[in-house]
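Fold and geometry: a report
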Amino acid sequence: DLQHRGARGPGRFAVVVRAPGAGGVVADAQRRAVVGGRRMPAPDPVVAARLDAALALTGVDRRSAVAEVVASAPKCLDAWAALGDLGRDTIDRYAAYRVGYHRGLDALRANGWRGSGYVRWSEPTNRGFLRCMRGLAEMATVIGETDEAERCRTFLLQLDPSHTEHTGIATD
């Protein structure tokens with residue numbers, strides 16, 4: 001097998017280029033990861049439907065129903081983001097976003113991400129994680145954790161520099 005490993009760094013994956021016919025499927029998958037970025041696994045359709053139903057409620061019932069979804073499906077990053085959005089106060093919101101962010105990192109790593117490369121907003125399955133990171137940055141700012149807020153904002157731009165609306169960060 002003829003192989004070449006590309007440079008690694010922020011936003012780059014090691015790319016394996018093989019001689020024609022050798023490991024074509026692996027090389028194709030790696031090329032797609034470099035160009036399009038990583039994506040989270042799709043949420044369980046039953047959990048997604050339960051979250052949609054919870055979000056359709058109003059008032060206190062809405063937050064309680066979302067919290068029940070999180071408790072029953074703690075890997076659902078959209079639910080963590082929604083719980084953060086519905087937090088009772090700044091620390092409640094910060095905690096939900098922080099847990100969602102760390103669960104998202106775990107999910108990315110389990111899905112082959114190695115600490116660099118794109119995680120695009122254009123992929124709907126990534127949005128829960130990216131919303132948690134954006135919320136964490138916002139709440140960190142509110143509580144005076146400026147270093148954490150800046151790390152989150154920088155990381156958001158590294159994960160998807162082509163889409164700044166979801167980050168709330170101006171690129172000018």
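Residues numbered from 1 in each chain as written. Predicted model: local features only at pLDDT ≥ 70, side-chain atom pairs only at ≥ 80, totals over all residues. Heavy atoms only, no water.

Moving on, we get to the overall build of the protein chain. Scanning the protein chain from N- to C-terminus turns up 7 helices and 0 strands. Sorting the 172 residues of the protein chain into buried and exposed places 37% on the buried side. Residue pairs in contact within the protein chain that sit at least 24 positions apart in sequence constitute 55% of those at least 6 positions apart. Summed over its atoms, the accessible surface of the protein chain is roughly 9600 Å², and 53% of this surface lies on carbon and sulfur atoms. (Helix = DSSP H or I, 4+ residues; strand = E, 2+ residues; numbered from the N terminus. Buried < 20%, exposed > 50% of the residue type's maximum accessible area, 1.4 Å probe, protein only. Contact = heavy atoms within 4.5 Å. Areas by Shrake-Rupley, 256 points an atom, 1.4 Å probe, with all protein chains shown as cover.)

Time to look at the packing of aromatic side chains. Centre-to-centre distance and the angle between the planes together describe a pair of aromatic rings. Summed over all chains, the structure comprises 2 aromatic pairs. Centroid distance Tyr101 to Phe129: 6.0 Å. Interplanar angle 10°. Geometry classified as stacked. Linking Tyr101 in helix H5 (residues 90-110) with Phe129 in helix H6 (residues 127-142), this pair joins segments that are 28 residues apart in sequence. In this structure Phe129 comes out as buried when scored by relative accessible area, which is 0%. (Phe/Tyr/Trp six-rings, centres within 6.5 Å; stacked < 30°, edge-to-face > 60°.)

Moving on to the environment of Tyr97. Tracing the sequence through the fold places Tyr97 in helix H5. Exposure remark for Tyr97: the relative accessible area of 2% places this residue in the buried category. The residues touching Tyr97, leaving out its near neighbours within four places in the chain, are Ala81, Gly84, Asp85, Arg131, Cys132, Gly135, Leu136 and Met139.

Here we take up helix H2 (residues 45-55). Among the residues of H2, those classed as buried are Val47, Leu51 and Ala54. Seen end-on, H2 carries its buried residues on one side only, within an arc spanning 60°. Counted as exposed and oriented over 90 degrees from the buried face of H2: Pro45, Val46 and Asp52. If you follow the buried residues of H2, they end up packed against helix H3 (59-72) and helix H4 (77-85). (Arc of directions from axis to C-beta.)

Between two cysteines, a covalent bond joining their sulfur atoms is known as a disulfide. All told, the structure shown has 0 disulfides when counted by the stated rule. Note on Cys76: no disulfide assigned, nearest cysteine sulfur contributed by Cys132 at a separation of 9.5 Å. For Cys132, a relative accessible area of 0% puts it in the buried group. (Disulfide = S-S within 2.5 Å.)

Mapped onto the elements of the fold, Tyr118 is located in the loop between H5 and H6. Owing to a relative accessible area of 21%, Tyr118 belongs among the partly exposed residues under this scheme. Between the C-alpha atoms of Tyr118 and Pro161, which are 43 residues apart in sequence, the distance is 8.5 Å.

These figures come from the coordinates and say nothing about function on their own.
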